[in-house]
Amino acid sequence: MKRFSFLLIFCSALSFPTFAKEAAPSAADPALEERVMRLSKELRCLVCQNETLADSQADLAEDLRNQVREQMRAGKTDKEVVAYLTQRYGKFILYNPPVDPTTYLLWFGPFLLLPLGLLLLFRYLKYRRKQIVETPLTDAERQRAEALLQVDPANKTA
Amino acid sequence: MAEEVASSRSALTPVLYAVPLVVFLVIAGFLASRLRGGYDPHIIPSALIGKPAPEFQLAQLGNPAQSFSPQQMRGKVWLLNVWGSWCVACREEHPYLMELSRSGVVPIYGLSWKDKREDALSTLQELGDPYVLSVSDFDGKVAIDYGITGAPETYVIDQNGTIRYKEVGQLNPEVMQTKILPLIKKLTK
């Protein structure tokens, strides 16, 4: 139980910084704001490239969020807004890389590496097994070992 | 016991010993190539090259009563340079724009990006004005339409209104000589 609560504290501590950075949604239209923020989390800030548009404080990120907001207000769907942005900034703006020929290696590479790793592991273990030769102890060695372990020779069970 | 471990270790083939070294060399080589080759992760390949330059209608910086639209440039090769009085790199590239403007090879139009009108005008007064005219993009909406990630950026737009080239960052003599001028020569032939 103690361990579990520690884990809980640890996890919630991890999650705080991400909440702290987000821009406060304006009160004007909470539903729209929520939609803007939700989509912004899927988009990359082009200035600080390891941040999402939702997390970034950069001026350009703010402009892009405004653009997203305006287009949503004009009735565009999320897909249409994303299409508008990728037409201008390329797929780079997608924080979540799409599955297409340029990202096949990224998406499916690990599944190739896993069987390759397993194959190498099994081959190595097989090779190791051949290396290990069972050499039974001689009587003299056994007696010495028993003496060292202070086991009564008459009672040996092993 | 120790002898046994040693003997099983020596059983590893030399090939296995080489694995960490090879992995290290691959990683080191990758890192070195990124460090040396002038690689800049901030330069995102433009998605707009070969596409029509987005239309806009903006007030001219020097004469806000008049507007300018890329439509007016049909039939001409021109440069669209994104700049701001607040942008240090724009100041650094400014002499090259002046030089290009004086040479009369290509008309340069400025997109004054997220700038105060008086600041933009006083910068041009101080440094000289390489632009045929600048337009004011106060809220940066046109900049987003053009896929701008920072200033300065320069677009080469052809007679049909197609974006042919985009330079992210400062223009310098090297970019001028190897990219911009040959392209303009080719386009105006």
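What you are looking at is a predicted structure, and each value in this text was computed from that prediction instead of being measured.

Visitor: Mind showing me how you'd approach the overall build of chain A here?
Guide: A count of helical and extended segments in chain A gives 6 helices and 0 strands. If you list the helices and strands of chain A from N to C, you get α-α-α-α-α-α. Burial analysis of chain A (158 residues in total) assigns 15% to the buried set. The long-range share in chain A, meaning contacts at least 24 apart out of those at least 6 apart in sequence, stands at 41%.

Visitor: Just to check I follow, could you spell out the overall build of chain B for this structure?
Guide: Counting its secondary structure elements, chain B contains 6 helices and 7 strands. In sequence order, the secondary structure elements of chain B are arranged as α-α-β-β-β-α-β-α-β-α-β-β-α. In terms of overall dimensions, chain B is more spread out than a globule: its C-alpha atoms have a radius of gyration of 25 Å, far above the 16 Å expected for 189 residues. By its C-alpha atoms, chain B is 90 × 40 × 30 Å across when sized along the principal axes. Every one of the 189 residues in chain B was classed for burial, and the buried ones make up 31%. Long-range pairs, those at least 24 residues apart, make up 72% of the contacts in chain B with a sequence separation of at least 6.

Visitor: Is there a simple way to explain the interface of chain A and chain B in this structure?
Guide: How large an interface is tends to be reported as the accessible area lost when its parts come together. Facing 14 residues of chain A, the contacting portion of chain B comprises 14 residues. Elements that contribute at least two residues to the side of chain A that touches chain B include exactly α3 (59-73) and α4 (78-89) of chain A. Looking at the side of chain A that touches chain B residue by residue, the classes come out as 6 nonpolar, 6 polar and 2 charged.

Visitor: Quick question: what am I supposed to make of unusual backbone geometry here?
Guide: Trans is the common state for peptide bonds, and a negative phi is the common state for residues other than glycine. Residues and elements named next belong to chain B. With omega at -5°, the peptide bond leading from Ala151 into Pro152 counts as cis. Along the chain, Pro152 falls in the loop between α5 (141-145) and β6 (153-157). At Lys114, a residue that is not glycine, the phi angle is positive and equals roughly 45°. One can find Lys114 in the loop between β4 (108-113) and α4 (117-127).

So, how was this worked out
Residues numbered from 1 in each chain as written. Chains lettered and ligands numbered in written order. Predicted model: local features only at pLDDT ≥ 70, side-chain atom pairs only at ≥ 80, totals over all residues. Helix = DSSP H or I, 4+ residues; strand = E, 2+ residues; numbered from the N terminus. Buried ≥ 20, exposed ≤ 12 C-beta atoms within 10 Å, placed from the backbone. Contact = placed C-beta atoms within 7 Å. Rg over C-alpha atoms; globule rule 2.2 N^0.38 Å. Nonpolar A, V, L, I, M, F, W, Y, C, P; charged D, E, K, R; others polar.

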